[in-house]
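Survey of secondary and tertiary structure
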Amino acid sequence: MLFRTARAAPLPTLRGCVIAMSLLLAPPSLAQERLRIVTTTTDLRSLAEAVGGDRVEVTSLVPPNIDAEEYQAKPQDVVRLKDARVVVRVGLDFDLWFDRLLTQATLTQSNIRGLRRGEAGHVDGSLAIAVLDQRGASVGPSDGHAHASGNPHYWLDPKNAEIVTGNILDTLARIDPANGPYYEAQRLAFLARLEARLADWDVKLAPVQGKPMIAYHNSWAYLARRFRLNFIGFVEPKPGVPPSPAHLAQLIKTMRERDVRVVVRAPHEPEKNAAFVAAKAGAAVVLLAGSVGALPAAQDYLSLFDANVGALVSAQMR
Amino acid sequence: MTDALTLLWPPFLVALCLIGIHTYFGIQVLARNVIFVDLALAQIAALGTTVAFMLGHSMQGGATYLYSLAFTLLAAFLLAFTRTWSKRISQEALIGVIYVVAAAAAILLIDRAPQGAEHLKQILTGNILTTGTTELAAIVPLYLAIGALHWLLWSRLAPAKGGTWLWEFMFYATFGVVVTSSVALAGVLLVFSFLIMPAAVGVLFAESLPRQLAIGWTAGSLASAAGLIASYVADLPTGAAMVCTFGAMLALAGLIYPFVQGNAAHAMARAVLVGRWGLALVLAGSAALLMAAPRADQPLLDAVEYVFPSVRGIYLTRSEADIYRDAHAYAERYRREAEELNELETRSRAEGQALDDLLVRRISAFIKSYSEMRRGEEFVKREVRSRARERIRWIAGGGVLLIALAMMPGLLPLCRRLAGSGTREPLAPPLPSRERSDSERSAAERRNPGEGV
């Protein structure tokens, strides 16, 4: 086929060379199929796509706007794991159900191999993250996130994308060494884009920085640390337990005293309690996307921050 | 204080309105023996809301309300139909079926629209604390209208009449409308409490509907106020606190019922008897547990030590007490240090100098080791206590067991009689109290038969 084309073409040698070169350079996997990656959340999917570019095909299991901590795996999730070479998970006890799913899938499906914790294709995104709200179980979750292994929402610090993509790159390059340089270049290009935006976000958020704010639930610790946002209280300090009247009264009092103008809520969190507190204290409720896809504007990892920065700034300017 | 009042009076008014209509429906529901019908109707209404949501209507819109109303009416139709459907299957079984199928169908639907999952949960959990005058303006006219309707049609809607199919439908339809709105405000748990518990108290103490209503309303209002206050003072979630005070109210009513209806002296004797047996059994069980497994959790002893920590001093030796105190002090110190580090890190996010990743990691590591060390001190405390308990297991366990035996009704007099017969004392022991109460009871039953128990 190649030689016939080369012979028939007007510039036979040149075109033949180009085709031969491209066939030589491109690994066989590109010609046939792309490397399959399965992630638990949409944020990790976006980051895996940023590293893998067009040589990977990424599926995420938990739909946006569903609490990934409470996700119940479905039979189709086993099918989605089929032929996956790499899985990426949040870790820090955030997606514990994923271990059970992987065990089940490995035991029942012959084409699912090497994906479990500790095996070659398993990426724990939280590896080497500087974890916030780290209190051991015995210290007790007096407020904040009730996780023994720290606050798991680390992807909300854009700087942490460097670590997470690093973890993904490590495994990708080992599983698919031929494309290692490509993945590495992709990751560096992504981080350069991120760096440029980060400066932009910092400038935009300058008027919000340090201003006291309330959040529905302590899921924004990493965002707060990166952008110097000042969350002084939470509507529901213990996840899943409705706030007590004494807590709400104290919160409203604090909000009035410190002139809090913004109550932050994720789309999947109950709107009533947040609206109640905001109305009592004369603040506005701002919807922030806790993960990619949670709001229509947050379509990938970069636009997630674009959307959140825009929402925060316009609420504070109100 | 004013903070508490401004926060608590709107939900209290909402609770009064809900109790007003639900006590009435509760009496009806108890008479018809369809206790869980409100759960089924609430779940059906939630299913209607879900369908509307799936079709692209907003969660608070009018179309959504119409959908949930239509589904509720459909369920009312089914319920009215099933009352005379079969003599073999209780209607409660079909109510259960409606509940689980509606719940499962909603889950199946919502699976296709992820952002709806939390909404579905909210429909059924509600939060009475955040309700206020806007909600009152919506429910007061509705409840008044339904109340008036039932008053006018009372001759047809009374449960005893076993009315025709149409009137049954009428009952379930109006009830469905009430439940649809109230569950959205207060949640399933609280609405069930509003429905059943004041009505149960009313039915317990009165025969006629007006008196049942009056008693139910009073009891419900008091329990609501107590629940709201308890929730504020003790810093508890409001709905759950109210459900528990309602339960306590019903238990209290059950306790005083025998004193009000029937022979008070006999009820007293019975209460004392039950109390003595209960206490004796708890003590005997604790003693047996201490003797058999002194290192295991000792619920009674642990509770006593929690309330009166000085009790521990009785059975710890001096050196053990010193070790225990030291371990406690260290554990407290580690907890404080960890809290301080955590505080420092949290503050640094927005104030002062930002901490770099290295410092955050070091703080994390310190907090982790502090909590490990604290766990170690807690282990020391537990070990010291367990060893001391092992030492005293026979003495303390035996002593408590003796106290328990002494408390058992009828046992002391029996022993006295046995001892008496052994020492040739005059054979005229006092009549054992239990036999006396038995004979008194039979006398009371002879006096007014059918009212004894």
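None of the values given here were measured: they were computed from a predicted structure.

**Considering the confidence of the model for chain A**
- Of all residues in chain A, 86% have pLDDT values of 70 or greater, and the mean over the chain is 82.
- Predicted confidence for residues 1–12 of chain A stays below pLDDT 50, and this span has three contacts to residues more than four positions away or in other chains.

**Examining the sheet that holds strand 5 (residues 212–215) of chain A**
Residues and elements named next belong to chain A.
- Taken together, the four strands give an open sheet; going across it, the order is 6-5-7-8, and neighbouring strands pair in parallel fashion. Both edges of this open sheet fall to strand 6 (230–234) and strand 8 (284–287), since each of them pairs with a single strand only. On average, adjacent strands in this sheet sit at an angle of 35 degrees to one another, irrespective of strand direction.
- Its contacts with the sheet put helix 12 (residues 301–317) on strand 5, strand 7 (262–265) and strand 8, and the angle it makes with strand 8 is roughly 170 degrees.

**Section: the interface of chain B and chain A**
- At the interface, 45 residues of chain B touch 46 residues of chain A.
- Across the interface of chain B and chain A, roughly 3700 Å² is buried in total on both sides, 50% from carbon and sulfur atoms.
- For the pair chain B and chain A, the interface holds two salt bridges.
- Across the chain B-chain A interface, the total number found is 12 residue pairs in polar contact (both at pLDDT 80 or more).
- Taken together, the elements giving at least two residues each to the side of chain B that touches chain A come down to helix 1 (2–32), helix 5 (116–125), helix 8 (165–186), helix 10 (209–233), helix 15 (318–350) and helix 16 (357–407) of chain B.
- With nine residues, the single largest contributor to the side of chain B that touches chain A is helix 16 of chain B.
- Residue classes in the side of chain B that touches chain A are distributed as 15 nonpolar, 15 polar and 15 charged.

**As for the environment of Ser126 of chain A**
Residue and element names in this part refer to chain A.
- Looking at the element boundaries, Ser126 is found in the loop between strand 4 (122–124) and helix 7 (160–175).
- For Ser126 and Gly91, which are 35 residues apart along the polypeptide, the C-alpha to C-alpha distance reads 5.7 Å.
- Ignoring sequence-local partners within four residues, the contact set of Ser126 consists of Val90, Gly91, Leu92, Tyr154 and Asn167.

**Looking at the pattern of salt bridges**
- For the structure shown, the criterion picks out 27 salt bridges over all chains.
- Note that Arg349 of chain B and Asp133 of chain A form a salt bridge whose closest N and O atoms lie 2.8 Å from each other. Separated into two different chains, Arg349 of chain B in helix 15 and Asp133 of chain A in the loop between strand 4 and helix 7 make up a pair that spans both. Each member of the pair, Arg349 of chain B as well as Asp133 of chain A, carries the same accessibility label: buried.
- Between Lys381 of chain B and Glu378 of chain B there is a salt bridge whose closest N-O contact spans 3.5 Å. With Lys381 of chain B and Glu378 of chain B both in helix 16, this residue pair falls three residues apart, about one helical turn.
- Overall, the relative accessible area of 26% leaves Glu378 of chain B in the partly exposed class.
- One salt-bridge network, held together by shared partners, links Asp302, Glu305, Arg312, Arg385 and Arg389 of chain B.

**Quick look at the packing of aromatic side chains**
- All told, the structure shown has 21 aromatic pairs over all chains when counted by the stated rule.
- Each ring, one from Phe171 of chain B and one from Tyr172 of chain B, has its centre 5.1 Å from the other, and the planes form 70 degrees; the classification is edge-to-face.
- For Arg55 of chain A, the ring lying beneath its charged end belongs to Tyr182 of chain A, and the centroid distance is 3.7 Å.
- For the cation-ring pair, Arg32 of chain B lies above Phe171 of chain B, with the distance from its terminal atom to the ring centre recorded as 3.8 Å.

**Looking at the packing of helix 2 (residues 37–54) of chain B against helix 4 (residues 91–110) of chain B**
All names here are of chain B.
- In contact at an axis separation of 8 Å, helix 2 and helix 4 are set at 25 degrees when each is read in the N-to-C sense. Between helix 2 and helix 4, the crossing angle belongs to the class labelled roughly parallel. Regarding helix 2 and helix 4, the two cross each other, and that crossing is left-handed. Touching Val37, Leu39, Ala40, Gln43, Ile44, Leu47, Thr50, Val51 and Met54 of helix 2 are Ile95, Ile98, Tyr99, Ala102, Ala103, Ala105, Ala106, Leu109 and Ile110, all from helix 4.
- Grouping the constituent residues of the contact of helix 2 with helix 4 by class yields 16 nonpolar, two polar and no charged.

**Remarks on the packing of helix 9 (residues 188–205) of chain B against helix 11 (residues 238–260) of chain B**
Residues and elements named next belong to chain B.
- Where helix 9 meets helix 11, the axes come as close as 10 Å, and the angle between the chain directions of the two elements is 10 degrees. Relative to helix 11, the element helix 9 lies roughly parallel. Between helix 9, through Leu189, Leu190, Ser193, Phe194, Met197, Pro198, Ala200, Val201, Leu204 and Phe205, and helix 11, the contact on the second element is made entirely by Gly239, Met242, Val243, Phe246, Gly247, Met249, Leu250, Ala253, Gly254, Ile256, Tyr257 and Val260.

Criteria and cut-off values
- Residues numbered from 1 in each chain as written.
- Chains lettered and ligands numbered in written order.
- Predicted model: local features only at pLDDT ≥ 70, side-chain atom pairs only at ≥ 80, totals over all residues.
- Heavy atoms only, no water.
- pLDDT = per-residue confidence, 0-100.
- Contact = heavy atoms within 4.5 Å.
- Pairing = 2+ DSSP bridges.
- Helix = DSSP H or I, 4+ residues; strand = E, 2+ residues; numbered from the N terminus.
- Axes fitted to C-alpha atoms, helices over the stretch in contact; angles between N-to-C directions.
- Buried area = accessible area lost by both parts, 1.4 Å probe.
- Salt bridge = Lys/Arg side-chain N within 4 Å of Asp/Glu carboxyl O.
- Polar contact = N/O pair within 3.5 Å; in protein donor to acceptor, adjacent residues only side chain to side chain.
- Nonpolar A, V, L, I, M, F, W, Y, C, P; charged D, E, K, R; others polar.
- Buried < 20%, exposed > 50% of the residue type's maximum accessible area, 1.4 Å probe, protein only.
- Phe/Tyr/Trp six-rings, centres within 6.5 Å; stacked < 30°, edge-to-face > 60°.
- Lys NZ or Arg CZ within 6 Å of the ring centre and 35° of its normal.
- Parallel < 35°, antiparallel > 145°, perpendicular 65-115°, else oblique.
- Left-handed = near helix turned anticlockwise from the far one by under 90°.

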